[in-house]
Amino acid sequence: MVRVITPARPPQPSPDGSSDGNPAGSVARAAPDPRTVPDRRAALRSGVALAAGTLATGCSATGAVAHPVAVSRTSVAPSTNPSAAASANPSAKAAAAPAPRRFPQQPAEITHGPRDRPRVALTFHGQGDPAVAKALLGEAEKAGARVTVLAVGSWLDEHPDIARRILDGGHDLGNHTLRHLDINAMSEADAEAEIRGCADRLRRLTGSIGTWFRPSRTPSASARVAGVARRVGYPHILSYDVDSLDYTSPGAPAVTRQVIGGVRDGSVVSLHFGYADTVAALPAVLEELGRRGLRAVTTTELLS
C-alpha cells in the first residue's frame, strides 16, 4: 500500500507562458485476508507522497506551467555513467525491447490514431517517485489496460529498474529527452545530445532506444528537433490530442472530466507520473473508458 499525503499546489504559470509539452515470472503468494488488508483502490484514490524541492514543467498544448515533480525520498544525483547504473541492476538487462517502427500511413508527428476503432492510448511522462509509477502501472494492469511511458533519461539513471518494470507489464517505453529541458529552444547539437542521451540509457537498460520519442516542454517538435530525432532513429514524433492538465493539480475529478470530455476513438492522452491527482483519477478514467467501449492500449497497438 502506498502511503499518501496531499501535494502542495503548484506555482502559477510563468509570465512568459513557456510550457512543457508536457515523464519475469510472478511468485505465488497466499491470498490476503480481505478483512485485514485495506482496499488498494481506496489507497490509490487518496493520492501519493510528493517530495518537495524540485521543479519540472508540465506538458501542455496551451502554455507552460512550472510544477513540482515527485522524486524518491532518497534523491540520487543523475549518473554520468548510465552503464554503471544499469550494471547495479542486472535484472534490468533482460531481452531487448521493441525498436521504433515507421507507420507509413501516419504523419511525421502523430497526435492521434485511427478514428474508426474504439481504442485510445494513455501516455505518461516518466519522471517522479518510482513508487507512484509502479502504483499507476499496477492499476492499469488490473483493469487490463496497457499504456505508453515516455521516460526522462535522468530519471532512468536514478531508477534503472523501472525500465524493465514498464516493459514486463506489456507497456510501451519511449524517450522524453535526457534532462527534460526546453528542447525547441536548443541548438541542433544540444538537442541531439538530449535525445541521444536518453536513447543511450534506454539502449543500455533494455537493448533498444525505445519505441517513441516525445519532445520535452512542448507538444510539438520544431523542424530542427524532428530532424534530429529521425537521425537518432525515431521516425515519428509522438504528440497527443487530449491534455489531462494533471500537472496543474486541479483535483482528481477535474482530471477525470478533462480526459473523458476530450477522448474519442483513436485519442492519445497526455498524463504524468508523480502527481497524486493522476493516481486518484486513473480508476475512474479507466472505468469510464470501459463504459464507453474504449480500450486503453499501447501507442504501438493503437496505430497497428
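Since we're looking at a predicted model, the values are computed, not measured.

Colleague: Please give an account of the overall build of the protein chain that cites residues and values.
Modeller: Scanning the protein chain from N- to C-terminus turns up ten helices and ten strands. Within the protein chain, the fraction of its 304 residues that count as buried is 54%. Here the protein chain displays about 13,100 Å² of accessible surface, and carbon together with sulfur accounts for 53% of that area.

Colleague: Lay out the confidence of the model for the protein chain in plain terms, naming residues and giving numbers.
Modeller: Of the residues in the protein chain, 69% reach a pLDDT of 70 or more, and the chain-wide mean stands at 79. Overall, residues 1-19 carries pLDDT values under 50, and its contacts beyond four positions in sequence, including any with other chains, amount to 47 contacts. For residues 60-93, every residue scores under 50 in pLDDT, and the model assigns this stretch 97 contacts once sequence neighbours within four places are set aside.

Colleague: Which residues make up the environment of R257, and what are the values?
Modeller: Relative to the helices and strands, R257 is located in helix α8 (residues 252-262). Here the alpha-carbon distance between R257 and V285, two residues 28 residues apart in the chain, equals 8.5 Å.

Colleague: Please give an account of helix α5 (residues 161-168) that cites residues and values.
Modeller: The set of residues buried in α5 consists of I162, A163, R164, I166 and L167. Residues of α5 that are buried in the fold lie against α3 (130-142), β5 (148-151), α4 (153-158), β6 (172-175) and α6 (188-206). Positive backbone phi, at 85 degrees, marks G170, one or two positions downstream of α5.

Colleague: How would you summarise the side chain of T298 if you had to cite specific residues and measurements?
Modeller: For T298, the location among the structural elements is in the loop between β10 (295-297) and α10 (299-303). By relative accessible area, which is 8% here, T298 ends up buried. Residues contacting T298, with those up to four places away along its chain left out, are A121, R146, V147, T148, G170, H171 and D172.

Colleague: Summarise the pattern of salt bridges; cite the residues concerned and give the values.
Modeller: Here the structure, examined in full by the defined rule, presents 15 salt bridges. Its salt-bridge partner being R119, residue E301 comes within 4.0 Å of it at the nearest N-O pair. Highlighted residues: E301 in helix α10 and R119 in strand β4 (residues 119-126), separated in sequence by 182 residues. With relative accessibility at 28%, the residue E301 sits in the partly exposed group. The closest approach of N and O atoms between R196 and E192, which form a salt bridge, is 2.6 Å. Residue R196 and its partner E192 are located together in helix α6, separated by four residues, close to a single helical turn. The class of R196 is partly exposed, set by a relative accessible area of 32%. Each of E188, E192, R196 and R231 takes part in one network of salt bridges that share partners.

Colleague: Quick rundown of the packing of aromatic side chains? Include the residues and the values.
Modeller: Inspection of every chain in the model, using the stated rule, returns four aromatic pairs. Ring geometry for F124 and F273: centres 5.2 Å apart, planes at 25 degrees, overall stacked. Placement of the pair is F124 in strand β4 and F273 in the loop between β9 (268-272) and α9 (276-291), with a sequence separation of 149 residues. Under the relative-accessibility criterion, F273 is labelled buried at 1%. Summarising the aromatic geometry, the rings of W155 and F273 are spaced 6.0 Å apart at their centres and angled 50 degrees between planes, so their arrangement reads as tilted. One end of the pair, W155, is in helix α4; the other, F273, is in the loop between β9 and α9, with 118 residues separating them in the sequence.

Colleague: For unusual backbone geometry, give the residues involved together with the corresponding values.
Modeller: Unlike most non-glycine residues, T177 shows phi in positive territory, near 75 degrees. Within the secondary structure, T177 is located in the loop between β6 and α6. Backbone geometry at H180 places phi at a positive 60 degrees, although glycine is not the residue there. Mapped onto the elements of the fold, H180 is located in the loop between β6 and α6.

Colleague: Just give me the short version of the environment of G261, but keep the residues and values in it.
Modeller: If you trace the backbone, G261 turns up in helix α8. Classification of G261 by relative accessible area gives exposed; the value is 66%.

Colleague: Go over the nonpolar core, please, and point to the residues and values.
Modeller: If you look at the biggest cluster of nonpolar residues, it comprises 57 residues, and the most contacted ones within it are L122, I195 and Y234. Ranked by size, the runner-up nonpolar core spans eleven residues in total, among them I110, W212, Y240 and L302.

Colleague: Which residues make up the side chain of T256, and what values do they have?
Modeller: Here T256 is to be found in helix α8. Of the residues examined, T256 reaches a relative accessible area of 16% and is grouped as buried.

Colleague: Lay out the packing of α6 against helix α7 (residues 223-232) in plain terms, naming residues and giving numbers.
Modeller: Between two packed helices, the angle of one axis relative to the other and the distance separating the axes together describe the packing. For the pair α6 and α7, interaxial distance at closest approach is 9 Å and the crossing angle is 40 degrees. By the criterion of interaxial angle, the relationship of α6 to α7 is oblique. α6 and α7 meet at a crossing whose hand is right-handed. Across from E188, A191, E192, I195, R196 and A199 in α6, the residues of α7 making contact are R224, V225, V228, A229, R231 and V232. Class assignment of the residues belonging to the contact of α6 with α7 gives a composition of seven nonpolar, no polar and five charged.

About the criteria used
Residues numbered from 1 in each chain as written. Predicted model: local features only at pLDDT ≥ 70, side-chain atom pairs only at ≥ 80, totals over all residues. Heavy atoms only, no water. Helix = DSSP H or I, 4+ residues; strand = E, 2+ residues; numbered from the N terminus. Buried < 20%, exposed > 50% of the residue type's maximum accessible area, 1.4 Å probe, protein only. Areas by Shrake-Rupley, 256 points an atom, 1.4 Å probe, with all protein chains shown as cover. pLDDT = per-residue confidence, 0-100. Contact = heavy atoms within 4.5 Å. Salt bridge = Lys/Arg side-chain N within 4 Å of Asp/Glu carboxyl O. Phe/Tyr/Trp six-rings, centres within 6.5 Å; stacked < 30°, edge-to-face > 60°. Core = buried A, V, L, I, M, F, W, Y, C linked by side-chain atoms within 4.5 Å. Axes fitted to C-alpha atoms, helices over the stretch in contact; angles between N-to-C directions. Parallel < 35°, antiparallel > 145°, perpendicular 65-115°, else oblique. Left-handed = near helix turned anticlockwise from the far one by under 90°. Nonpolar A, V, L, I, M, F, W, Y, C, P; charged D, E, K, R; others polar.

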